[in-house]
Amino acid sequence: MSERYDCKECKESLYGRKYVLREDNPHCVKCYEMIFSSTCEVCKKCIGCTSKDLSYKDRHWHDECFLCTKCSRSLVDRPFSTKDEMLMCTECYSNEYSAKCHECLKTIMPGTKKMEHKGSSWHENCFTCQRCQQPIGTRSFVQKEGNNYCLPCYEKQFALQCVHCKKPITTGGVTYRDQPWHKECFVCIGCKQQLSGQRFTSRDDFAYCLNCFCNLFAKKCAYCTTPISGLGGSKYISFEERQWHNDCFNCKKCSISLVGRGFLTSRDDILCPDCGREV
């Protein structure tokens with residue numbers, strides 16, 4: 001009598017029947033599909049032994065159910081993408097979710113080179129200078145009123161020229177007496193220090209930092225001999241062609257402030273009335 005060959009699960013004989021081996025154990029088709037076969041994501045039916053099981057991230061499909069959610073084309077042997085667990089062919093995914101070119105308004109397909117600036121995207125060949133129409137690529141450019149210009153075209157069409165060096169001002173710059181300057185060109189006539197962002201004054205149409213102006217033109221305090229700028233509302237005392245800082249206008253003997261008070265002079269000294277009577 002021949003040896004029995006039965007299904008491992010239901011113990012029914014497999015002679016003359018189809019069966020599947022799993023880990024060297026025979027299973028009848030019914031038991032195998034009930035225990036091991038996956039359920040299709042789309043039709044929710046069992047993917048039987050005679051069907052191809054397509055899997056992606058622990059999900060399974062019949063090959064005839066493996067379709068693009070949008071256009072229903074088969075994704076078998078085709079590239080695809082997913083969004084919120086939905087399968088889409090590359091074309092549908094791009095039309096739905098990929099960036100649109102700011103210039104031609106067409107989809108920028110995945111894998112193609114794109115240019116980006118301030119939240120907008122362009123095809124590489126659409127990212128061109130508004131004036132010369134040449135692709136900008138990775139060159140420097142300036143955006144004005146929603147249009148892009150390569151640097152040479154922007155300078156020719158829009159840039160102001162520095163009154164000092166006569167070259168275009170492309171970024172920053174300062175205006176002094178209604179004339180444009182590069183920041184690096186607008187300097188003190190004396191020490192050549194940049195004046196942008198700091199206090200300065202002028203004399204005979206030349207700009208000076210406060211230090212140079214005071215050293216060259218300001219009167220000197222009769223007490224401390226440092227310059228009295230008189231700029232920015234700073235106060236000083238003037239008497240008989242001599243000047244003092246407010247803080248320096250003190251009695252020579254007792255050092256009391258004489259600002260707003262009567263005083264006496266003794267040669268080059270100033271004295272309060274009390275100390276003056278002792279002289």
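Higher on the page you've got the structure.
First, a word on scope: everything that follows refers to the structure included in this document.

Conventions and cut-offs
- Residues numbered from 1 in each chain as written.
- Predicted model: local features only at pLDDT ≥ 70, side-chain atom pairs only at ≥ 80, totals over all residues.
- Heavy atoms only, no water.
- Helix = DSSP H or I, 4+ residues; strand = E, 2+ residues; numbered from the N terminus.
- Rg over C-alpha atoms; globule rule 2.2 N^0.38 Å.
- Buried < 20%, exposed > 50% of the residue type's maximum accessible area, 1.4 Å probe, protein only.
- Contact = heavy atoms within 4.5 Å.
- Lys, Arg positive; Asp, Glu negative; His and termini not counted.
- Charge placed at Lys NZ, Arg CZ, Asp CG, Glu CD.
- Pairing = 2+ DSSP bridges.
- Phe/Tyr/Trp six-rings, centres within 6.5 Å; stacked < 30°, edge-to-face > 60°.
- Lys NZ or Arg CZ within 6 Å of the ring centre and 35° of its normal.
- Disulfide = S-S within 2.5 Å.

**With respect to the overall build of the chain**
Regarding its fold elements, the chain presents five helices and 22 strands. Relative to its length of 279 residues, the chain is extended, with a C-alpha radius of gyration of 45 Å against a globular reference of 19 Å. Seen through its C-alpha atoms, the chain measures out along the principal axes to roughly 150 × 55 × 25 Å. Expressed as a percentage of its 279 residues, the buried residues of the chain come to 29%. The long-range share in the chain, meaning contacts at least 24 apart out of those at least 6 apart in sequence, stands at 10%. Charge centroids of the chain, computed over 41 positive and 33 negative side chains, lie 7 Å from each other.

**Section: the environment of Met 109**
Looking at where Met 109 falls in the secondary structure, it is placed in the loop between α2 (90–97) and β7 (114–117). Contacts of Met 109, omitting those with residues within four sequence positions, involve Thr 90, Glu 91 and Ser 94.

**Considering the pairing of strand β2 (residues 25–28)**
In this sheet, β2 lies alongside strand β1 (residues 19–22) in antiparallel orientation, the contact comprising four bridges. What sits directly across from Tyr 19, in β2, is Cys 28. If you look at the hairpin formed by β1 and β2, you'll find two residues sitting between the two strands, and Glu 23 has a positive phi there, around 55 degrees.

**Let's talk about the packing of aromatic side chains**
Inspection of every chain in the model, using the stated rule, returns 19 aromatic pairs. One aromatic cluster is present, formed by Tyr 56, Trp 61, Phe 66 and Phe 80 through successive ring pairs. The lysine or arginine in question, Arg 22, covers the ring of Phe 36, its NZ or CZ lying 4.1 Å from the ring centre. Residue placement shows Lys 144 over the ring face of Phe 158; its charged tip is 5.1 Å from the ring centre.

**So, the environment of Cys 49**
If you trace the backbone, Cys 49 turns up in the loop between α1 (29–35) and β3 (53–56). If sequence neighbours within four positions are ignored, Cys 49 has contacts with Val 20, Val 29, Tyr 32 and Glu 33.

**Describing unusual backbone geometry**
Phi angles above zero are rare outside glycine, and Ser 72 is one such case at about 65 degrees. Inspection of the secondary structure puts Ser 72 in the loop between β4 (59–62) and β5 (80–83). Under the relative-accessibility criterion, Ser 72 is labelled partly exposed at 49%. One non-glycine residue, Thr 225, lies in the positive phi region at around 65 degrees. Residue placement: Thr 225 occurs in the loop between β17 (219–220) and β18 (227–228).

**Looking at the state of the cysteines**
Taken as a whole and assessed by the stated rule, the structure comprises zero disulfides. Cys 104 takes part in no disulfide bond, and the closest cysteine sulfur, belonging to Cys 101, lies 3.7 Å away. By relative accessible area, which is 30% here, Cys 104 ends up partly exposed. Unpaired in this structure, Cys 251 has its nearest cysteine sulfur neighbour in Cys 254, at a distance of 3.6 Å.

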